[in-house]
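Reading the structure
Chain residues, written in single-letter form:
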Amino acid sequence: SSTVTYIDSLRNLSVYENEISDVKVYPNPATETISFQMKNCDWPVMATVKDLSGRIVFHELIWSPVLDIRGLGTGYYHLQLLTENTLRTTSFIKE
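Since the structure is predicted, the reported quantities are computational estimates derived from the model, not experimental observations. (Residues numbered from 1 in each chain as written. Predicted model: local features only at pLDDT ≥ 70, side-chain atom pairs only at ≥ 80, totals over all residues. Heavy atoms only, no water.)

Side note on unusual backbone geometry
Both trends apply: most residues other than glycine have a negative phi, and most peptide bonds are in trans. In plain terms, the rule: Secondary structure is summarised from DSSP: a helix means a run of H or I of at least four residues, a strand means a run of E of at least two, and numbering begins at the N terminus for each.
Tyr 26 connects to Pro 27 through a cis peptide bond whose omega is -15 degrees. Looking at the secondary structure, you find Pro 27 in the loop between β2 (24-26) and β3 (33-37). With an omega of 10 degrees, the peptide bond between Asn 28 and Pro 29 qualifies as cis. Note on placement: Pro 29 falls in the loop between β2 and β3.

Considering the sheet that holds β3
Which entries qualify depends on this criterion: Following DSSP output, two strands are said to pair if at least two bridges run between them. Orientation is described by lines fitted to C-alpha atoms, with helices fitted over the stretch in contact, and by angles between N-to-C directions that extend from 0 to 180 degrees.
Spatially, 3 strands are ordered β2-β3-β6 in an open sheet, and the strand pairing comes out antiparallel. Taken across any chain shown, the strands that pair with only one partner, and hence form the sheet edges, are β2 and β6 (66-68). Sheet twist, expressed as the mean angle between neighbouring strand axes with direction ignored, is 25 degrees. With 3 bridges joining them, β3 and β6 adopt antiparallel strand pairing.

Some remarks on the environment of Val 66
Keep this limit in mind: Each residue is assigned to one of three classes by its accessible area relative to the maximum for its type, calculated with a 1.4 Å probe on protein chains only: buried under 20%, partly exposed between the two thresholds, exposed over 50%. Contacts were defined at the residue level, with two residues in contact if any of their heavy atoms lie within 4.5 Å.
Position of Val 66 among the secondary structure elements: in strand β6. Val 66 gets classed as partly exposed once you look at its relative accessible area, which sits at 41%. Counting along the chain gives 32 residues from Val 66 to Ile 34, while the straight-line C-alpha distance between them is 5.7 Å. Those residues in contact with Val 66 that lie beyond four places of it in its chain are Thr 33, Ile 34, Ser 35 and Phe 36.

Structural notes on the confidence of the model for the chain
Cut-off, in case you're wondering: Scored from 0 to 100, pLDDT records how confident the predictor is in each individual residue.
Per-residue pLDDT for the chain has a mean of 82; in total, 77% of the residues score no lower than 70. No element of the chain has a lower mean pLDDT than strand β1 (residues 5-8), which averages 49, and none a higher one than strand β5 (residues 56-62), which averages 96. Contacts from residues 6-21, a stretch scored under 50 in pLDDT, to residues over four places away or in other chains number 37 contacts.

Structure representation (structure tokens):
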């Protein structure tokens, strides 16, 4: 069985004492694309974007740290990035 580490960059919580650094998203707010950085990333990454109601508006296996967000409406979104054993979440604003 595999272990999943959950890291929430808004509250800085983890199931382990040794926390992995948070995801950095830029630019934020953004209009066309967002890029993200995270340490110890194993590609590919399953990226999921949810709106404030929890509706999934993007869910795709990605091979680079850039997401095209031109198709999203203006608003606040949650980004989940799942690697083989780590789930990280952060948020961004689409202008």
